[in-house]
Number of protein chains: 2
Amino acid sequence: MSQGQEPAFAGADWGTSRFRLWLMDRAGNVLAEKRADDGLDASRAKGFSQVLEGHLASLGAPGDLPVVICGMAGSRQGWVEAPYVHVPANPATILAAAARIPDVSRDIRIVPGLAQQGERPNVMRGEETQLLGLVHGKPGFSGLVAMPGTHSKWVYVEDGRVSRFSTYLTGELYALLAGQSILRHSIGAVAEGVDVDHPEFTAGLTTALVPGFSLLGSLFEIRAGMLLNGLTQDAAAARLSGMVIGSEASDARSKAPADIKTVQLVASGRMERLYRKALQAAGFDCETVDADDAVRKGLHAAATGLWFLL
Amino acid sequence: MSQGQEPAFAGADWGTSRFRLWLMDRAGNVLAEKRADDGLDASRAKGFSQVLEGHLASLGAPGDLPVVICGMAGSRQGWVEAPYVHVPANPATILAAAARIPDVSRDIRIVPGLAQQGERPNVMRGEETQLLGLVHGKPGFSGLVAMPGTHSKWVYVEDGRVSRFSTYLTGELYALLAGQSILRHSIGAVAEGVDVDHPEFTAGLTTALVPGFSLLGSLFEIRAGMLLNGLTQDAAAARLSGMVIGSEASDARSKAPADIKTVQLVASGRMERLYRKALQAAGFDCETVDADDAVRKGLHAAATGLWFLL
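Residues numbered from 1 in each chain as written. Chains lettered and ligands numbered in written order. Predicted model: local features only at pLDDT ≥ 70, side-chain atom pairs only at ≥ 80, totals over all residues. Heavy atoms only, no water.

**As for the packing of helix α7 (residues 199-209) of chain A against helix α10 (residues 269-282) of chain A**
Residues and elements named next belong to chain A. It is at 10 Å that the axes of α7 and α10 come closest, and there the two elements cross at 35 degrees. Two packed elements cross with a definite hand, and for α7 against α10 that hand is right-handed. On the side of α7, the interface is formed by Phe201, Thr202, Leu205 and Leu209, while α10 contributes Leu274, Lys277, Ala278, Ala281 and Ala282. The residue inventory of the contact of α7 with α10, partitioned by class, reads seven nonpolar, one polar and one charged. (Axes fitted to C-alpha atoms, helices over the stretch in contact; angles between N-to-C directions. Helix = DSSP H or I, 4+ residues; strand = E, 2+ residues; numbered from the N terminus. Left-handed = near helix turned anticlockwise from the far one by under 90°. Contact = heavy atoms within 4.5 Å. Nonpolar A, V, L, I, M, F, W, Y, C, P; charged D, E, K, R; others polar.)

As structure tokens, this is what we get:
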């Protein structure tokens, strides 16, 4: 811990494949950080409590420091299930449903995921905490939030309340197509690391933004482009990335009300650059919210709601 | 061979994973048949010539019987490359480009695949032979041909000439999503064998036929349906099948000229039933052409063009 300050709480993002822990003060400043590969499977084997207490001890956290956790640790396959809260839901409703770990002296809570019932069923777990942070920093916020990733979430927020959302399988589909499909011959090992300035990323975007574009009916053209036109591996990877991200951006734009001009883009690094370009090409303005920062701010907002406002 | 008839030629469909051989008379009647697992990789190891001669001998074929082959045996990774013929292409042009196996006494030819250059590059290899059979049986045919499969082909034929085509990654995408994606938890081992009468197949079709449907933005709802609504594995498989086939049918209908009402559907068995339902739901009339029959008729049409009309 820096400068001898005392932490007010610990926050953890505990997902399927990784674990991140921060000690923070009451204002949300980070005093110490730990990252580890203790995802759900590894932690279930070792014991969730042992894993968490070990990392807390390594950061010198007091034994009575409260801990708030988000992510898949709250799923049915996790530590303790924090059942989904149904949308529409405001932050107070979400936090009231946090699950408390039983039979331990430390106060440990897990933020629940969100579920949408009806014609378009949907779920999220983890992103709701980033949304808590975003809304905490923008009281009364209304608008559209894009959260790219393996399963990209597009979330409508009305006056600080999560009203509805959808999921695009973009990241997962890109990985499957690049690594497992007939296109793997065209892309090989260069699936990671698409350059936002690659002309084929732009070409893929442009193709995807033409009205009537069919992703299903266009993917094979990347294979044909390699066979007939010598499309290189990095060009094929960039084209595929532009097509799938462009397909997401185009559909999200067509479904958003016309008066929504601006999207809060929760992303970092390369992902942020690719999506910003795609969303702008689709006609959105973008305000970037750093994804890692959003998790920490969300955990701080959760701690504030759970403990500091009581 | 049946009834002591003499074969006029042998035809083989030699693909990535399987080998099928028929002895036929001059009219295209099948006199003998052999099926084997000798796909490209296995055959390359054993020697293509040895594999073919072994199967011919097992059927009692004379040493001078000519053989016509279609499929991936003519690809760059196959026996001898039969370079793509560019569309538009008529049957005579396609057959004139057949590759002859060198340095063997037997007359063995491989039918070339077709390629489309330009904005929408595309290739096929194998389906062109089914098209030769279809056109041979319908002289002067003009219309639209749907050839479902791992990579579904939609082909426009004008006055017996293949003018242009597109490819949908439908079969491959279904297999990847059902077996490798987050949806595998919802579908498990029931990915094969979707029942055309399952109400969730119809529901998936109906969803996909709504204007503005996004496959990318709808797939995750199958996962959410399992978590929230207890969607069963066979229901999830049927829903996914309806969504992907419906997405193909919907896009193909929206891109086909309005005066095209009828599709020649080259398919067999379960695949034929699923596609017929999807194409009819999208607004097409269907005339089914049995897929296995189409291959044999295509090989007969090729043999007729190569040898019997000379």
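**Observations concerning helix α9 (residues 233-255) of chain A**
Along an α-helix, residues three or four positions apart point the same way, because every turn accommodates 3.6 residues. Taking 1.5 Å per residue as the helical rise, α9 of chain A with its 23 residues ought to reach 33 Å, and the 33 Å between its terminal C-alpha atoms agrees with that figure. Among the 23 residues in α9 of chain A, 18 count as buried, and that is most of the element. (Expected span 1.5 Å × (residues − 1). Buried < 20%, exposed > 50% of the residue type's maximum accessible area, 1.4 Å probe, protein only.)

**A word on the pairing of strand β4 (residues 67-70) of chain A**
Each regular strand displays side chains that alternate between the two surfaces of the sheet. Residue and element names in this part refer to chain A. The alternating pattern of β4 places Val67 and Ile69 on one face and Val68 and Cys70 on the opposite face, and all of these are buried. With four bridges joining them, strand β1 (residues 9-14) and β4 adopt parallel strand pairing. Looking across to β4, one finds that alanine 12 is bridged to isoleucine 69. (Pairing = 2+ DSSP bridges.)

**Considering the domain arrangement of chain A**
All names here are of chain A. Taken domain by domain, chain A comprises domain 1 (1-120) and domain 2 (126-310). A separation of 26 Å is found between the C-alpha centroids of domain 1 and domain 2. Residue-level contacts link 36 residues of domain 1 with 23 residues of domain 2. Across the domain 1/domain 2 interface, buried area totals approximately 2400 Å², and carbon plus sulfur atoms make up 71% of it. Its largest share of buried area at the contact with domain 2, domain 1 owes to Arg26, Leu95 and Gln116, together 21% of the area lost on that side. Seen at the junction of domain 1 and domain 2, the total is one salt bridge. Note that aspartate 292 and arginine 20 form a salt bridge whose closest N and O atoms lie 3.0 Å from each other. When residues of the side of domain 1 that touches domain 2 are traced back to their parent elements, those giving at least two are β1, β2 (19-24), β3 (30-36), β4, α3 (91-96) and β8 (114-116). Its residues placed into classes, the side of domain 1 that touches domain 2 shows 23 nonpolar, six polar and seven charged. (Domains from an automatic or database assignment. Buried area = accessible area lost by both parts, 1.4 Å probe. Salt bridge = Lys/Arg side-chain N within 4 Å of Asp/Glu carboxyl O.)

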